[in-house]
Amino acid sequence: VAVSSGDVKPRILIMGLRRSGKSSIQKVVFHKMSPNETLFLESTAKISKDDVSNNSFINFQIWDIPGQIDLFEPTYDLGMILSGTGALIFVVDAQDDYMEALTCLHRIVSKAYSVNPHIRFEIFIHKVDGLSDDHKIETQRDISQRANEELHESGLNDLHLSFYLTSIYDHSIFEAFSKVVQKLIPQLSTLENLLSIFVQNSGVEKTFLFDITSKIYVATDGSPVDMQSYELCCEMIDVMMDMTCIYGDESESTSEQDSTCIIRLNNSSILYLREITRFLVLVCILRDEAFTKRGIINYNILCLQNAIHSVFDVRRTAKLNGQLPIEG
Ligand code: GDP
């Protein structure tokens, strides 16, 4: 899916000290590596560009910039890198002494802001799987207070930092990445409205629009997100992808037949997945009773699909049966 052709690729930059977990995050979110395998990752010693746009709706690059590289050396054209950056993720290892990380964060953030004041600063307080719930909250409070105080002292009052507690051992990293990516989608509020209208008219309890390769949710309806529902949907996508890899018909995947997957849970809820574009799937959570009106739901999904295609300006060819397959 091309987000209208004139758009410049929004770029996400991941930074942080050595061993803070940058490569692990990238591998787990975008390359399906299991968290345990990251124990054997070689530490990155150069800037790595990971262009995920070939197989994902999300059209951005990840630049892993290892801690020991001094970005303020003239060899790195920081101005060029930062001017094209939409979001800068700074990873702080919460299991380590984070004072050095905070000094580095301050240096990078103030420099980046002076080059490009439109960058969003997203701070991942990472590896929190080792901390108790109280300790997590306390760490977040301490880090955000120290980081903001330093900015305040340097007179950078307009600069806003967002904080997330993350770990690759649960879904928090996907949740945080979803929020970061959503802020970079100019059409987000339109998508959210479309999903809310869809939910209201279809008897569906919750719905997510997923990027299928990364399991990042690009948008959801207006009702609050609970972690458990999100995790269920992620697991459904995993199951579907595994089944498709093992038993899927190669020729089917390129055909115009939209993928569908239904899982009935033992609490009389249903997970219903439908393909929306080549990279996006809609996952709905609904009650058994509501699913008896599947005709209405399917009709509404078709309307939603058409609306989403036009939001993203996907080139369309009207077909006789009224479906609008995507080209390219
Ligand atoms: P980088 O140098 O910033 O790219 O760091 P790496 O990705 O190489 O990670 C350094 C170490 O941290 C590895 O041994 C990872 O397994 C570990 N790690 C990364 N993320 C997490 C996490 O969320 N929790 C825990 N406990 N360890 C993590």
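Within each chain, residue numbers correspond to sequence positions counted from 1 in written order. Owing to the predicted nature of the model, reporting of local features is limited to residues with pLDDT of at least 70; listing and counting of side-chain atom pairs is limited to 80 or more, with chain, interface and lining totals taken over all residues. The basis for every side-chain value is the complete set of non-hydrogen atoms in the structure, without hydrogens or water.

This is how it is decided: UniProt positions are given in the numbering used here, feature names are shortened, and annotations may be inferred rather than shown by experiment.
Per an unreviewed UniProt entry, the chain is named Ras-related GTP-binding protein C, and its organism is Phallusia mammillata. UniProt's Sequence similarities (unreviewed entry) comment on the chain is quoted here verbatim: "Belongs to the GTR/RAG GTP-binding protein family." According to the UniProt record, the Catalytic activity (unreviewed entry) comment for the chain reads "GTP + H2O = GDP + phosphate + H(+)".

1. A few points about the packing of helix 6 (residues 188–202) against helix 9 (residues 294–311)
Note the following rule: Axis angles are defined between N-to-C directions and span 0 to 180 degrees, where every axis is a line fitted to C-alpha atoms and, for a helix, only to the segment in contact. The way it works is that DSSP assigns letters per residue, a run of H or I at least four long becomes a helix, a run of E at least two long becomes a strand, and they are numbered from the N terminus. In what follows, roughly perpendicular refers to angles from 65 to 115 degrees, roughly parallel to angles under 35, roughly antiparallel to angles over 145, and oblique to any angle outside these ranges. Residues count as neighbours in contact if any of their non-hydrogen atoms are within 4.5 Å of one another.
Axis separation between helix 6 and helix 9 bottoms out at 10 Å; the angle between their running directions is 170 degrees. One way to sum up the angle between helix 6 and helix 9 is to call them roughly antiparallel. Of the residues in helix 9, those in contact with T190, L191, L194, L195, F198, N201 and S202 of helix 6 are I296, I297, N300, I301, L304, A307, I308 and V311.

2. As for the site of the ligand
Going by this rule: Whether a residue is near a molecule or strand depends on its heavy atoms: it is near if one of them lies within 4 Å of it. Any pair of N or O atoms that falls within 3.5 Å is considered a polar contact. Within protein, one atom must be able to donate a hydrogen and the other to accept it, and sequence-neighbouring residues count only if both atoms are side-chain atoms. Using a 1.4 Å probe, accessible areas were evaluated by the Shrake-Rupley method; residue-level cover was limited to the displayed protein chains. The residue classification treats Ala, Val, Leu, Ile, Met, Phe, Trp, Tyr, Cys and Pro as nonpolar and Asp, Glu, Lys and Arg as charged. All others, Gly included, are polar.
Close to the ligand lie 19 residues; K22, S23, S24, T38 and D129 are nearest. H126 is positioned with one of its side-chain polar atoms (N or O) 2.9 Å from a nitrogen atom of the ligand. Protein chains bury 92% of the 580 Å² of accessible surface belonging to the ligand in isolation. If you tally residues by element for the shell around the ligand, the top one is helix 1 (residues 22–31), at three residues. Looking at side-chain class alone, the shell around the ligand contains four nonpolar, 10 polar and five charged residues.

3. Section: the packing of helix 3 (residues 99–115) against helix 4 (residues 133–153)
Describing two packed helices takes the angle between their axes plus the distance from one axis to the other. The condition is simple: Two helices crossing with the near one rotated counterclockwise from the far one by less than a right angle form a left-handed crossing, whereas a clockwise rotation gives a right-handed crossing.
Relative orientation of the contacting elements helix 3 and helix 4 amounts to 40 degrees, with a least axis distance of 10 Å. In terms of orientation, helix 3 lies oblique with respect to helix 4. The two elements helix 3 and helix 4 meet at a crossing, and its hand is right-handed. Along its contact with helix 3, which presents M99, L102, L105, H106 and V109, the element helix 4 presents I143, R146, A147, E150 and L151. Class assignment of the residues belonging to the contact of helix 3 with helix 4 gives a composition of seven nonpolar, one polar and two charged.

4. Concerning the sheet that holds strand 11 (residues 280–287)
As a reminder, the rule being used: Pairing between two strands is assigned when DSSP locates at least 2 bridges connecting them.
Taken together, the five strands give an open sheet; going across it, the order is 8-7-11-10-9, and neighbouring strands pair in antiparallel fashion. Two strands close off the open sheet at either side, each with one partner strand: strand 8 (216–220) and strand 9 (260–264). The average angle at which neighbouring strand axes cross in this sheet is 25 degrees, direction not considered. With six bridges connecting them, strand 7 (residues 206–211) and strand 11 associate as antiparallel partners. The residue bridging F208 from the neighbouring strand is V283, located in strand 11.

5. A word on the nonpolar core
Applied cut-off: Here, nonpolar core refers to any group of buried Ala, Val, Leu, Ile, Met, Phe, Trp, Tyr and Cys residues whose side-chain atoms link them within 4.5 Å. Note on exposure labels: buried denotes an accessible area under 20% of the residue type's maximum, exposed denotes more than 50%, and partly exposed covers the range between, all computed with a 1.4 Å probe on protein chains only.
Formed by 65 residues in total, the largest nonpolar core has its most connected members in F124, F177, F198, F210, L282 and L286. Per element, the largest residue contribution to this core is seven residues, and it comes from strand 11. Residue contacts for F210: discarding those within four places in its chain leaves K215, I216, Y217, Y230, C233, C234, I237, F279, L280, V281 and V283. Counting 32 residues, the second-largest nonpolar core is a separate cluster that includes M15, V92, C104 and F121.

6. What about the packing of aromatic side chains?
The condition is simple: Pairs were defined over the aromatic rings of Phe, Tyr and Trp, the Trp ring being its six-membered one, requiring ring centres within 6.5 Å. Orientation was assigned from the angle between planes: stacked under 30 degrees, edge-to-face over 60, tilted for the rest. Consider the ring centre and the ring normal. A charge sits over the ring if Lys NZ or Arg CZ is within 6 Å of that centre and within 35 degrees of that normal.
Tallied over the entire structure, the rule returns nine aromatic pairs. Centre to centre, the rings of F30 and F177 are 5.3 Å apart; their planes meet at 85 degrees, and the pair counts as edge-to-face. Here F30, found in helix 1, pairs with F177, found in helix 5 (residues 172–182); they are 147 residues apart in sequence, far enough to count as distant. With respect to burial, F30 and F177 carry one shared label: buried. Taken together, the aromatic side chains of F30, F124, Y164 and F177 make up a single cluster linked through ring pairs. K206 extends its terminal NZ or CZ atom over the ring of F208, reaching a point 5.6 Å from the ring centre. Taking NZ or CZ as reference, K215 lies 5.0 Å from the ring centre of F174, over its face.

7. Quick word on the side chain of S178
Structurally, S178 can be placed in helix 5. Those residues in contact with S178 that lie beyond four places of it in its chain are I216, Y217 and Y230.

8. Brief notes about helix 4
Rules: To estimate the expected span of a helix, count its residues, drop one, and scale the result by 1.5 Å.
Taking 1.5 Å as the rise per residue, helix 4 with 21 residues should run 30 Å; its terminal C-alpha atoms sit 30 Å apart, in good agreement. Looking at helix 4, one finds that the buried residues are T139, D142, I143, S144, A147 and L151. Residues of helix 4 that are buried in the fold lie against strand 4 (85–93), helix 3, strand 5 (120–126) and strand 6 (161–166). Of the residues trailing helix 4, G155 is marked for its positive phi of about 75 degrees.

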